[in-house]
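What the coordinates show
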Protein chains: 2
Amino acid sequence: MVEFDLIAKDGNARAGIMKTAHGKIETPMFMAVATKGAVKTLSPEEVRETGTGALISNAFHLYLKPGLDIIEMHGGVHNFMRWNGVLFTDSGGFQVIRQGFFIKVTDEGMKYHGENGEVKIYTPEESAITQMKLGSDIAMVLDECPPHDASEKRVRKAVERTIRWAEEFKEAHDKKEQGVFAIVQGSRYEGLREKCADELVKMDFDGYGIGGLSIGESREEMMKAIEKTAPLLPEERPRYFMGLGSPEDIIETIGMGIDVFDSAFPTRNARHGTVLTMKGRYNIKKAEFKTDMGPLEEGCDCYTCRNYSRAYVRHLFKENEMLAMRLLSIHNLRFMQRFMKRIRESIIEGRFKEIMREFKGL
Amino acid sequence: MVEFDLIAKDGNARAGIMKTAHGKIETPMFMAVATKGAVKTLSPEEVRETGTGALISNAFHLYLKPGLDIIEMHGGVHNFMRWNGVLFTDSGGFQVIRQGFFIKVTDEGMKYHGENGEVKIYTPEESAITQMKLGSDIAMVLDECPPHDASEKRVRKAVERTIRWAEEFKEAHDKKEQGVFAIVQGSRYEGLREKCADELVKMDFDGYGIGGLSIGESREEMMKAIEKTAPLLPEERPRYFMGLGSPEDIIETIGMGIDVFDSAFPTRNARHGTVLTMKGRYNIKKAEFKTDMGPLEEGCDCYTCRNYSRAYVRHLFKENEMLAMRLLSIHNLRFMQRFMKRIRESIIEGRFKEIMREFKGL
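Residues numbered from 1 in each chain as written. Chains lettered and ligands numbered in written order. Predicted model: local features only at pLDDT ≥ 70, side-chain atom pairs only at ≥ 80, totals over all residues.

In this section: the domain arrangement of chain A. Residues and elements named next belong to chain A. Partitioning chain A into structural domains gives domain 1 (3-263) and domain 2 (276-351). Its C-alpha centre places domain 1 at a distance of 28 Å from the equivalent point of domain 2. Every contact between the two is made by 22 residues of domain 1 and, on the other side, 19 residues of domain 2. (Domains from an automatic or database assignment. Contact = placed C-beta atoms within 7 Å.)

The following block contains the structure:
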């Protein structure tokens, strides 16, 4: 069950509400990444307090470790990790390919080495069964994501597989309370993206991911592909740009009609000392913050900004105290939510272009 | 200002209440370690929720990093780290000697290399001024702590310095709201410990630390030294065994009349996966916990035990998620408080020996 109501448009930018089995979320929305069943360094309560209403975990990772039987014993991932908000699961196609144990993609699925070295295969059907057992609110179909510089021939093959796998996934899926999003592949080949989108839209999914981007191609290529792909997707379904990213990329693609985002960007940057703010980013480890009594960002209402000085957070970083990473992760996730909220309001008020210009000036 | 009321005795074991500028604490008590201005991995709120009412920071460390000026800007360590409970500061004599930049102990103080290689000296007076500026509730005098296997001649020298430095510290100290504890040295030499205790007691401090133990000597030597030293200290002042430790060592020395403890034991063990329980300790990473749906410890009321399964915590450890260290740190600190409370009640009820036997049987 996924419902999506579009409540405002400003140019191509959209504001909506997405309803799932674990509550509703306002779009455009940004999900925090909980690949292995935890947002790095944070408790679910802390994540919730940042205003983050949705997380995304990796189904294939959890399928391998700790394994489906253990998560089923807990009654699903929500209970396993004690998250009562909206939860997406990524099929893991992208991650499988990028990990050491991957062998190759065949027409049937992804071949990989099991724990004892044996050859195993992860099929679209297995991916559907896995995600149903995990009990996420939204499952992503298994897709094939070729490298950004793959040849047209290779990408065509991947698109054909992605379409066929989407059919097989849908066939195997019968859990009503779980929505299913398909993923448009096609790399930088406009015709292939178009074909992929058309075929997937015919199958009528609850939403559409745009995949195979933000993986090494130029920003220009990425933006062009999004601009071309978004209009191919049905107006009344949410559009999800997988794995993006930075505030500047997010705002630009919201302007092209994207509704849903996820990225490790805020939390990974936090662990390296980078603070996100409405006026750009900076590294807290710099000497200039040594005696700075101010909060990480003036006007921010997060736990960290309400309680600690830059001088203290910098001190913790310099002393390798893990609490430093936590405090920054909290701030950066809260920043993303404040950022998304501001954009959403600007869309509703017809001032999106204004906000976009403001952020571009940074 | 430190007040100490003894409310019950059972054999040599004591139950009391210690009042400081930041509230009162029931003894026997266990402090968590916040050497650099943070309990490793935890927020102050989390520490407080475990029932931990007191922390100890290292004055010399904070004097070097971030430096006194920065902590004074914040109005003291309490504000710097947002801790509103009781705070001890260790003078840092012990740590100075064990760190790379230390040169040698002279009659005036501790010689060490500054940031630019220059030779600096940290005197008892400087230590007193530092701790007054830090604003802790209880300051520890600067002492000299020789290695556990030092010769009698070397230890005699250290005892003489420790006594003289205690005088100099007291002379320089004039902050009423901050209590001052002296530290009894003397290693395994009974006569020297006796001399040190006698001289310090004459100076009338707010409490007495027992130092120079739990640093490499045998458990038997340590226990013998404590047994001999505790009765030399005034009945009406708190006695603090610095740097201890494990539940089994703590309960035994409570039986010898010790009231106050601090150690990185619960938090350091937590970061390595060791779970403390009333029935002994175990490592959560073991395969047997893979499918264990129970809490870390049956009957524990900590955040971790209320919310997560052993299977989940084990999964986080296996995947190197920092949240695992946090969840165990919370449990282990809560365990220490439950443990101390149980001992305290047994003293009040005259059943201390019973409880001691129970824990010895583990």
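Facing 30 residues of chain A, the contacting portion of chain B comprises 30 residues. At the level of secondary structure, the elements contributing two or more residues to the side of chain A that touches chain B comprise α2 (59-73), α3 (77-81), α12 (310-318) and α13 (322-348) of chain A. It is α12 of chain A that contributes the most residues to the side of chain A that touches chain B, 5 residues altogether. For the side of chain A that touches chain B, a count of residues per class yields 14 nonpolar, 8 polar and 8 charged. (Helix = DSSP H or I, 4+ residues; strand = E, 2+ residues; numbered from the N terminus. Nonpolar A, V, L, I, M, F, W, Y, C, P; charged D, E, K, R; others polar.)

On to unusual backbone geometry. Residue and element names in this part refer to chain B. In the segment running from threonine 27 into proline 28, the intervening peptide bond is cis, with an omega of 0°. On the secondary structure map, proline 28 appears in the loop between β3 (23-27) and β4 (29-33). The linkage connecting lysine 65 with the following residue, proline 66, adopts the cis geometry, with an omega of 10°. Mapped onto the fold, proline 66 is located in helix α2 (residues 59-73). One non-glycine residue, arginine 82, lies in the positive phi region at around 60°. Of note, arginine 82 is situated in the loop between α3 (77-81) and β6 (86-90). A count of 17 C-beta atoms within 10 Å places arginine 82 in the partly exposed class. Backbone geometry places serine 214, a non-glycine residue, at a positive phi of 60°. Here serine 214 shows up in the loop between β12 (207-210) and α8 (219-229). (Buried ≥ 20, exposed ≤ 12 C-beta atoms within 10 Å, placed from the backbone.)

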